[in-house]
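What follows is the residue order along each chain.
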Amino acid sequence: MKELAGDGVPVTVAYRVLKLARQPYYRWLDQPVTDAVLEEAYRANALFDAHRDDPEFGYRYLADEARGAGAVMADRTAWRICRDNRWWSVFGKKRAKGRKAGPPVHDDLVRREFTATCANRLWLADITEHATGEGKLDLCAIKDAFSNRIVGSEPGGPHRPSPCRTAPRDTPAGTVRMLPPPLRNSARDQTCPAS
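What counts and what doesn't
Residues numbered from 1 in each chain as written. Predicted model: local features only at pLDDT ≥ 70, side-chain atom pairs only at ≥ 80, totals over all residues. Heavy atoms only, no water. Helix = DSSP H or I, 4+ residues; strand = E, 2+ residues; numbered from the N terminus. Contact = heavy atoms within 4.5 Å. Areas by Shrake-Rupley, 256 points an atom, 1.4 Å probe, with all protein chains shown as cover. Core = buried A, V, L, I, M, F, W, Y, C linked by side-chain atoms within 4.5 Å. Buried < 20%, exposed > 50% of the residue type's maximum accessible area, 1.4 Å probe, protein only. pLDDT = per-residue confidence, 0-100. Salt bridge = Lys/Arg side-chain N within 4 Å of Asp/Glu carboxyl O. Axes fitted to C-alpha atoms, helices over the stretch in contact; angles between N-to-C directions. Parallel < 35°, antiparallel > 145°, perpendicular 65-115°, else oblique. Nonpolar A, V, L, I, M, F, W, Y, C, P; charged D, E, K, R; others polar. Patch = residues over 30% accessible without salt bridge, like charges linked within 9 Å, V, L, I, M, F, W, Y side chains within 5 Å.

Chemist: I'm lost on the overall build of the chain in this one. Help?
Modeler: In terms of helices and strands, the chain carries 7 helices and 4 strands. Listing the helices and strands of the chain from first to last along the sequence gives α-α-α-α-α-α-β-β-β-α-β. The contacts of the chain with a sequence gap of at least 6 include a subset with a gap of at least 24, amounting to 40%. Counting only carbon and sulfur atoms, one obtains 54% of the accessible surface of the chain, whose full area is about 15600 Å².

This is the structure in structure tokens:
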């Protein structure tokens, strides 16, 4: 504002163009850094010093260390400052690196059309992996798109091959355990034309 006034721009015009009110501007000019921002900077500095000394501490221990150094704050405030600055414990949970999903693994053979006109025409398969105490557990499930029911499943463990790899490509019946057929529903009972 001072530079604009020095260049000959009227102050009232500059306030109107910059959409500033006079009183808040002079309040900011008197104290550019507010007390709240300055206090948070001191708290963050104390938390960072504690984190640098003991990176295995979580935010609660860091808050205790900062309080011992004279920066008084609540645990919630310490958590917010640590979160904003990404100061995590080295023993904490793994953080995602912002990775995006990669390209599709296989071609879209059904062209995003997940409905069928009759039973046993379109089966959808999915495999999921769960971490357990004994290793990873794979589960392959096969769903009939017409009845919308799981028609087969096969678990796979750390010492067994992946269940979807052991199933034949053209039909899921090979090594995959097929479930008994569900109760018949007259609304769903339709005869499929021979193909």
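Chemist: What exactly am I supposed to notice about the nonpolar core here?
Modeler: Buried together is how nonpolar side chains tend to be arranged in soluble globular proteins. By size, the foremost hydrophobic cluster in this structure holds 13 residues, and its most contacted members are L47, A66, M73 and W87. When contributions to this core are tallied by element, the ones reaching two or more residues are helix 4 (35-53), helix 5 (59-68) and helix 6 (75-85). The element that contributes the greatest number of residues to this core is helix 4, accounting for 4 residues. Discounting residues that sit within four places of it in the chain, W87 has contacts with A44, L47, F48, H51, I81 and C82.

Chemist: What am I meant to see in the confidence of the model for the chain here?
Modeler: Detailed reading of predicted coordinates is not advised where the pLDDT is low. With 76% of its residues at a pLDDT of at least 70, the chain reaches an overall mean of 76. No element of the chain has a lower mean pLDDT than strand 4 (residues 177-178), at 49, and none a higher one than helix 6, at 93. Counting interchain partners and residues more than four positions distant, the pLDDT-below-50 stretch residues 167-178 has 23 contacts. The low-confidence segment residues 181-190 (pLDDT under 50) makes 5 contacts with residues lying over four places distant or belonging to another chain.

Chemist: Just checking my understanding: could you explain the environment of W88 for this structure?
Modeler: Tracing the backbone shows W88 in the loop between helix 6 and strand 1 (123-132). With relative accessibility at 29%, the residue W88 sits in the partly exposed group. Along the backbone, W88 and Y59 are 29 residues apart, and their C-alpha atoms lie at a distance of 7.7 Å.

Chemist: How do you make sense of the pattern of salt bridges when you look at a structure like this?
Modeler: Pairing between side chains of opposite charge can happen when the charged atoms of each approach one another. Applying the stated criterion to the full structure yields 7 salt bridges. When the shortest N-O distance is used, the salt bridge between D49 and R52 registers 3.0 Å. Of this pair, D49 and R52 both sit in helix 4, separated by 3 residues, roughly a single helical turn. According to the relative accessible area criterion, D49 is partly exposed, its value standing at 28%. For R52, a relative accessible area of 52% translates into the label exposed. Salt-bridge contacts for D75 lead to R67; the nearest nitrogen and oxygen are separated by 2.6 Å. Since its relative accessible area comes to 30%, D75 is described here as partly exposed.

Chemist: Hey, could you run me through the packing of helix 4 against helix 6 in this one?
Modeler: Geometry of a packed helix pair, given as the angle between the helix axes and the separation of the axes. Contact geometry for helix 4 and helix 6: axes closest at 10 Å, N-to-C directions at 80°. Taken as axis vectors, helix 4 and helix 6 run roughly perpendicular relative to one another. Facing helix 4, whose interface residues are E40, R43, A44 and L47, helix 6 presents T77, A78, R80, I81 and C82. Broken down by class, the residue content of the contact of helix 4 with helix 6 amounts to 5 nonpolar, 1 polar and 3 charged.

Chemist: What am I meant to see in a nonpolar patch on the surface here?
Modeler: On the surface, a cluster of nonpolar side chains totalling about 450 Å² of accessible area is made up of L4, V9, V13, V17, L18 and L20. Top element by residues in the nonpolar patch is helix 2 (residues 11-18). It accounts for 3 residues. Structurally, V9 is set in the loop between helix 1 (2-6) and helix 2.

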